Amino acid sequence: MFTKSPLKYLLCLVLAWACQQKDAPANYQALPAESSAVAAVDISRLPEIEQTNPVFFNRDGEPQEFLEILKANGVNTIRLRVWVNPANGHSSLSEVNSFSQTLRQMGFKIWLSVHYSDTWADPGQQETPLIWQQATFEELKGIIRGYSLQVARLIKPEYFQVGNEINDGFLHPYGRLSSQPQQFKALAAEAISGVRQGAPQSRIILHYAGLSGAQWFFNTVDSLDYDIMGLSYYPIWHGKDLELLKNTMDSLTENFIRGIIIAETAYPFTLNWNDNTNNIVGLGEQLILPQYPASAQGQADFVKEIRKISAQVKHGMGFCYWGAELIAWKGPLSTEASPWENQALFDFNNKELPVLEQFNNN
């Protein structure tokens, strides 16, 4: 644990490092208006999975690099989470920066999901990074601004998501939206300010999980300087009414006049499993039936409808499929591997599924 004095020293170091970095090169152009919809996948765990040397196969059954398969199918954006000081080093800023360079060389756009945590941040958990936990509220404002500036200036993503599924804010307890709304907005404003300084070209996303409460949330944050509303939509947690999804998105864009994107979604191609880790989706009652069974075609049809909804909504910008890479990479007997292999974009033999064709939407 840091005492108050070392925290001030840490804050000075972060701000000094960020401010000494070079500005964006002169030929780094501002983002043009979107020429095509975002067709994204979140593959945050791929660097870890690739350490086990899995072999992936394209639709013809031929071995092909994972990223090449995505590119060939029209995926144009890669979403990556960033953790401040993760226990195993995965999803650290260093790893994400290195991976982002590889992705850029292949022509992908980068979408960062910056959690402002050392681990998973979601509606039920927004834990302040350990190294920041002894900071005062005023110190934390400076820390989050300096950190956001650092991340933005280093990677210069096309999309910078300030927090992940921040239904009840982030950086608890200071930034708990339900009890400290003004403090949350002050922290978010500092983070946004850091991004605007570090990467003026980045489009800033605020991300809410689900449909219920979305109007209240985006009304609450309407005064913040951000560009895009992001929604998570999983039938298991957010209901099986796709018409309600569209109506909610229509209403949000009408009320708040911003772009909107489905920031996370997924659907199973089977209810079976490929390792001994309990899957999150494994029951028929969790599906949208009879339209979308747990089959390769059902998964493809679901994503096709998600893409269609985003295209129909005014200011709709596209979608991101979460967990595209989460095969059972630790083997069939592992009890601590993937709870998601039946929702990945590759089957249990690591062959691309028909759903990938739905990313070619241009």
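Parameters at a glance
- Residues numbered from 1 in each chain as written.
- Predicted model: local features only at pLDDT ≥ 70, side-chain atom pairs only at ≥ 80, totals over all residues.
- Heavy atoms only, no water.
- Helix = DSSP H or I, 4+ residues; strand = E, 2+ residues; numbered from the N terminus.
- Buried < 20%, exposed > 50% of the residue type's maximum accessible area, 1.4 Å probe, protein only.
- Contact = heavy atoms within 4.5 Å.
- Areas by Shrake-Rupley, 256 points an atom, 1.4 Å probe, with all protein chains shown as cover.
- pLDDT = per-residue confidence, 0-100.
- Core = buried A, V, L, I, M, F, W, Y, C linked by side-chain atoms within 4.5 Å.
- Salt bridge = Lys/Arg side-chain N within 4 Å of Asp/Glu carboxyl O.
- Pairing = 2+ DSSP bridges.
- Axes fitted to C-alpha atoms, helices over the stretch in contact; angles between N-to-C directions.
- Right-handed = clockwise from strand over helix to strand, strands pointing away.
- Phe/Tyr/Trp six-rings, centres within 6.5 Å; stacked < 30°, edge-to-face > 60°.
- Lys NZ or Arg CZ within 6 Å of the ring centre and 35° of its normal.
- Parallel < 35°, antiparallel > 145°, perpendicular 65-115°, else oblique.
- Left-handed = near helix turned anticlockwise from the far one by under 90°.

(A) The overall build of the protein chain, seen in detail. When you go through the protein chain residue by residue, the secondary structure sums to 10 helices and eight strands. Counting all 362 residues of the protein chain, 56% fall into the buried class. Of the contacts made within the protein chain by residues no fewer than 6 positions apart, 75% connect residues no fewer than 24 positions apart. Carbon together with sulfur atoms contributes 50% to the accessible area of the protein chain, which is approximately 15200 Å² in total.

(B) Seen up close, the confidence of the model for the protein chain. For the protein chain, per-residue confidence averages 92 on the pLDDT scale, and residues scoring 70 or more make up 90% of the total. Throughout residues 1–6 the model reports pLDDT below 50, and contacts reaching past four residues in sequence, or to other chains, amount to eight contacts. This stretch, residues 12–33, has a pLDDT under 50; its non-local contacts, to residues over four places away or in other chains, come to 27 contacts.

(C) How the structure looks around the nonpolar core. Ranked by size, the top nonpolar core spans 95 residues in total, and within it Val41, Ile43, Leu70, Tyr116, Phe170 and Phe218 carry the most contacts. Here the element with the most residues in this core is helix H5 (residues 137–155); it accounts for eight residues. In this view, phenylalanine 218 contacts Leu206, Tyr208, Tyr226, Met229, Gly230, Leu231, Leu252 and Phe256; residues no more than four positions away in its chain are not counted. Grouped together as the second largest cluster of nonpolar side chains are 10 residues, Ala40, Tyr159, Ile261 and Cys320 included.

(D) Looking closely at the pattern of salt bridges. Evaluation of the coordinates by the stated rule reveals 12 salt bridges. When the shortest N-O distance is used, the salt bridge between glutamate 264 and arginine 79 registers 3.1 Å. Placement of the pair is glutamate 264 in strand S7 (residues 259–265) and arginine 79 in strand S2 (residues 77–82), with a sequence separation of 185 residues. Residues glutamate 264 and arginine 79 agree in their burial class; the two are buried. Between arginine 104 and glutamate 158 there is a salt bridge, with the nearest N and O atoms lying 2.9 Å from each other. A residue pair is termed long-range when its members are at least 10 positions apart, and arginine 104 in helix H4 (residues 93–105) and glutamate 158 in the loop between H5 and strand S4 (159–162) qualify at 54 residues.

(E) Structural view of the sheet that holds strand S5 (residues 203–209). With parallel pairing, eight strands are arranged side by side around a closed barrel as S1-S2-S3-S4-S5-S6-S7-S8. Pairs of neighbouring strands in the sheet enclose a mean axial angle of 25°, with direction left out of account. Both S7 and strand S8 (residues 316–322) contribute to a ladder of three bridges, which runs parallel. Note that in S8 the partner of isoleucine 262 across the bridge is phenylalanine 319.

(F) Main features of the pairing of S8. Within S8, six of the seven residues are buried, leaving the element largely enclosed by the surrounding structure. Two elements, strand S1 (residues 38–42) and S8, share five bridges in a ladder whose sense is parallel. Across the sheet, the residue bridging to valine 38 is glycine 318, located in S8. The β-α-β motif built from S7, the intervening helix H10 (residues 296–312) and the parallel element S8 has right-handed crossover chirality.

(G) Just the side chain of histidine 115, in detail. Summarising the element assignment, histidine 115 is placed in the loop between strand S3 (109–114) and H5. If sequence neighbours within four positions are ignored, histidine 115 has contacts with Arg81, Val82, Trp83, Trp120, Ala121, Gln126 and Asn164.

(H) Up close: the pairing of strand S6 (residues 228–232). A large share of S6 lies buried, amounting to five of its five residues. Each parallel crossover has a hand, and the one from S5 via helix H7 (residues 214–220) to S6 is right-handed. Sheet topology places S6 next to S7; five bridges connect them, and they run parallel. Its bridge partner lying in S7, isoleucine 228 is registered against glycine 259.

(I) Fine view of the packing of aromatic side chains. Overall, the coordinates contain 23 aromatic pairs when judged by the stated rule. Note on phenylalanine 137 and tyrosine 174: the rings are 5.8 Å apart at their centroids and 55° apart in plane angle, and the pair reads as tilted. In this pair, phenylalanine 137 is assigned in helix H5 and tyrosine 174 in the loop between S4 and helix H6 (181–198), connecting sequence segments 37 residues apart. Since its relative accessible area comes to 15%, phenylalanine 137 is described here as buried. You can call tyrosine 174 partly exposed: its relative accessible area is 29%. Between tyrosine 233 and phenylalanine 302, the aromatic rings sit 6.5 Å apart at their centres with planes inclined by 20°, giving stacked as the arrangement. Remark: phenylalanine 302 occurs in helix H10 and tyrosine 233 occurs in the loop between S6 and helix H8 (235–238); sequence separation between them is 69 residues. Within the aromatic cluster, the residues linked to one another by ring pairs are Trp83, Trp120, Tyr234, Trp237, Trp322 and Trp340. Positioned over the ring face of tyrosine 226 is arginine 258, at 3.9 Å from the centre of the ring.

(J) Region of interest: the packing of H4 against H5. Contact geometry of H4 with H5 gives a least axis separation of 10 Å together with a crossing angle of 25°. Taken together, the axes of H4 and H5 lie roughly parallel to each other. Relative to H5, H4 is oriented so that their crossing is right-handed. Only Gln150, Val151, Leu154 and Ile155 of H5 make contact with H4, whose side of the interface consists of Leu93, Val96, Asn97, Ser100 and Arg104.

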